[in-house]
Amino acid sequence: MPPPDARPPVRHPDAPEPGTLLGAHYDQCFGCGHEQPHGLRLDATAGEGVSITAEFTVQPAHQGAPGLAHGGVLATALDETLGSLCWLLQTIAVTGRLETDFVRPVPVGTVLHLSARCTAVHGRKIFSSAVGRIGSPDGPVAVRADALFIEVPVAHFTDNGRDEDIKAVMENPDRMKVTRAFEVNP
Ligand SMILES: CCCCCCCCCCCCCC(=O)SCCNC(=O)CCNC(=O)[C@H](O)C(C)(C)COP(=O)(O)OP(=O)(O)OC[C@H]1O[C@@H](n2cnc3c(N)ncnc32)[C@H](O)[C@@H]1OP(=O)(O)O
């Protein structure tokens, strides 16, 4: 829960307009990257205020039980959608805590409609919530999450990421949209 002196989130003046399709932040991302053959390829769209909507279709590669989505995949979809709120805050942050409720089983072939909103900010801490619904934006709730993201410097990635992947992005910054957004070399 946010502390009492947390502030409401503020949409950054440079945030993408509501309705903007955000695209992959990194082409190898398991959540949104279009170069990940078994990834979720989640498409996120900027909403009003500090909110996001997103969709992904559960593929056979995403199964846990026969014909049903793996819970970790569903948590990834929530995590990715929540992470996309960073575009609206124009802040680089990572997931510190993700608390997930699995409410209904999600069959393969389902289009999961996700929505996320930032609820509060306190220093480096970003509080947010998300929900995933089956079949349509007002379909039955399948999953819910509350999250705490923590703002980090670019060094979080350069100091900890595998060298060959950091090098590949440095050689072609267009593979990682975030590097262009901040005009930095990763
Ligand atoms: C324009 C840009 C847009 C970009 C868009 C991209 C879209 C991206 C989409 C990607 C989507 C996918 C996204 C992904 O999957 S991100 C990948 C998954 N996440 C990680 O790998 C993160 C790993 N963890 C860490 O690196 C560190 O632990 C971090 C950086 C998180 C904090 O270590 P750090 O040393 O830096 O900070 P601190 O320890 O002093 O903590 C600071 C404050 O936070 C509080 N705290 C910390 N952890 C927790 C916790 N678990 N519960 C409750 N509270 C917690 C802590 O008490 C303290 O509070 P206070 O004492 O100040 O009150």
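Calculation rules
Residues numbered from 1 in each chain as written. Predicted model: local features only at pLDDT ≥ 70, side-chain atom pairs only at ≥ 80, totals over all residues. Near = placed C-beta within 6 Å. Helix = DSSP H or I, 4+ residues; strand = E, 2+ residues; numbered from the N terminus. Nonpolar A, V, L, I, M, F, W, Y, C, P; charged D, E, K, R; others polar. Pairing = 2+ DSSP bridges. Axes fitted to C-alpha atoms, helices over the stretch in contact; angles between N-to-C directions. UniProt positions renumbered as here; feature names shortened; annotations may be inferred.

Trainee: Kindly report on the site of the ligand, identifying the contributing residues and their values.
Mentor: Taken together, 22 residues lie near the ligand, and Gly83, Cys86, Val94, Gly96 and Arg97 sit nearest. Mapped by element, the contributors of at least two residues to the shell around the ligand are α1 (71–83), α2 (85–89), β3 (93–102), β6 (141–151) and α5 (177–182). In terms of residues, the shell around the ligand owes the most to one element, β3, which gives four residues. Of the residues that constitute the shell around the ligand, the class distribution is nine nonpolar, eight polar and five charged.

Trainee: How would you sum up the sheet that holds β6? Please name residues and give values.
Mentor: Note: strands within a sheet are paired through backbone hydrogen bonds, in either parallel or antiparallel orientation. Read from one edge to the other, the open sheet built from six strands follows the order β1-β2-β4-β5-β6-β3, with strand pairing classed as antiparallel. Pairing within the sheet leaves two strands with one partner each, and these edge strands are β1 (43–46) and β3. In this sheet, neighbouring strand axes are inclined to one another by 20° on average, regardless of whether the strands run parallel or antiparallel. Examined bridge by bridge, strand β4 (residues 111–122) and strand β5 (residues 125–134) share ten bridges and lie antiparallel to one another. Residue Cys118 lies in a different strand from β5, and its bridge partner there is Ser128.

Trainee: Explain the UniProt feature "domain: Thioesterase" (unreviewed entry) in the protein chain to me, using residue names and the numbers behind them.
Mentor: The residues that UniProt annotates with the feature "domain: Thioesterase" (unreviewed entry) are residues 67–127. Counted over residues 67–127, helix gives 30% and strand 41%. Its end C-alpha atoms are 33 Å apart.

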